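Listed below are the residues making up each chain.
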Amino acid sequence: RSLVVVHFWAPWAPQCAQMNEVMAALAKEHMQVSFVKLEAEAVPEVSEKYGISSVPTFLFFKNSQKVDRLDGAHAPELTKKVQRHASSSSVSAGSNDSAKEDLNVRLKKLINAAPCMLFMKGSPKEPRCGFSKQMVEILNKHGISFSSFDIFSDEEVRQGLKTYSNWPTYPQLYVAGELIGGLDIVKELEASGELDTVCPKTQKLEDRLKTLINKAPVMLFMKGSKQMAKCGFSKQILEILNSTGIDYETFDILEDEEVRQGLKTYSNWPTYPQLYVKGELVGGLDIVKELKESGELLPILKGEN
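As a starting point, this report considers the structure included with it. Since the model is a prediction, treat every value here as computed from it, not as a measurement.

### Re helix α11 (residues 257–267)
Next up, step 1: Those residues of α11 not exposed but buried are V259, R260, G262, L263 and S267.
Next up, step 2: Tucked inside the fold, the buried residues of α11 contact α9 (205–213), β9 (218–222), β10 (249–252), β11 (274–277) and β12 (280–283).
Next up, step 3: Two or three places before E258, at the start of α11, stands the capping residue D256, its side-chain oxygen 3.2 Å from that residue's backbone nitrogen.
Next up, step 4: A positive backbone phi angle near 55° is found at N268, which sits one or two residues after α11.

Right, dumping it as structure tokens:
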């Protein structure tokens, strides 16, 4: 089979069990893809060879070549990568013209996948050429928020983008769907001071946490979502909140490791779930239970207390 997805997992990690369920669902959807589970600690030499330092980690192989990687329990990202690699490995029927049109549509989607998109050799963590490495260093130095695409992972994109953008080399940087240029152009923009005005800045973690906490009057940071809690404590707090009839929003901390760790420090509260009302921390499950029993929960959720 053309695409093989290998899950390096550990039996002691609950997030691996969750991702195994995601893989099982993807396997039903993508019959042409092989999904494999490898217990990372049982094959230390393999884990070492591929630099597996945490679980879950997913490696993607095409024709025995590693083409992509995903670290952490990010179900949406895994789904996206499987769809992308599975679709690019299936040969589309039809004339060359329609194939070219399909590629152009795909390239446009990739270019617009983020406000700032970098097409490079390798990844920001592991650049695979000097020019790509320099580009990443410049963007990071200026605190620029960007997503990237490894052109080694997809030969069709690698060749097609050169024609599409009329730019023969990599890396290529795009902002708001428009080509900025390669390394030389970015160096010129940096020297003239224009780079900071052209590219979007990374939001500082503290600012991001403040924005998330204030996203709704009542915000719950939990494991899972309203529809499916992924731990007993989160499930219990959902049941209590649902019984109040008050509207609230949730954020799944399993989807974002930066928020998961950062919020503990920011709020000085070491566990999840965490409930916030009008930007202020109420507490975890125990506090919410106490407030419910004392009759104080409803006024607090309504912002009356």
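Further notes follow.
### Here we look at unusual backbone geometry
Next up, step 1: With an omega dihedral of -5°, the bond running from V55 to P56 counts as a cis peptide bond.
Next up, step 2: Assignment of secondary structure puts P56 in the loop between α2 (44–49) and β3 (57–62).
Next up, step 3: The amide bond that connects Y170 to the next residue, P171, takes the cis arrangement and shows omega of 5°.
Next up, step 4: Here P171 lies in the loop between α6 (155–165) and β7 (172–175).

### Quick look at the pairing of β7
Next up, step 1: Alternating positions in β7 separate into two faces, Q172 and Y174 on one and L173 and V175 on the other, with burial throughout.
Next up, step 2: Bridging between strand β5 (residues 116–120) and β7 involves four bridges; their strand directions are antiparallel. Looking at β7, one finds that C116 is bridged to V175.
Next up, step 3: Of the strand pairs in this sheet, β7 and strand β8 (residues 178–181) are connected by three bridges, and their pairing is antiparallel. Residue L173 lies in a different strand from β8, and its bridge partner there is G181.

### Remarks on the sheet that holds β11
Next up, step 1: One open sheet accounts for four strands, arranged β10-β9-β11-β12; its pairing is mixed. In the strand order of this sheet, the two ends are held by β10 and β12, each with one partner. Neighbour-to-neighbour, the strand axes of the sheet open up by a mean angle of 30°, direction not taken into account.
Next up, step 2: Here three bridges tie β11 to β12, and the two strands are oriented antiparallel to one another. Looking across to β12, one finds that V277 is bridged to E280.
Next up, step 3: Contacts from α11 reach β9, β10, β11 and β12 within the one sheet, and its direction differs from that of β11 by about 65°.

What counts, and where the lines are drawn
- Residues numbered from 1 in each chain as written.
- Predicted model: local features only at pLDDT ≥ 70, side-chain atom pairs only at ≥ 80, totals over all residues.
- Heavy atoms only, no water.
- Buried < 20%, exposed > 50% of the residue type's maximum accessible area, 1.4 Å probe, protein only.
- Helix = DSSP H or I, 4+ residues; strand = E, 2+ residues; numbered from the N terminus.
- Contact = heavy atoms within 4.5 Å.
- Polar contact = N/O pair within 3.5 Å; in protein donor to acceptor, adjacent residues only side chain to side chain.
- Pairing = 2+ DSSP bridges.
- Axes fitted to C-alpha atoms, helices over the stretch in contact; angles between N-to-C directions.

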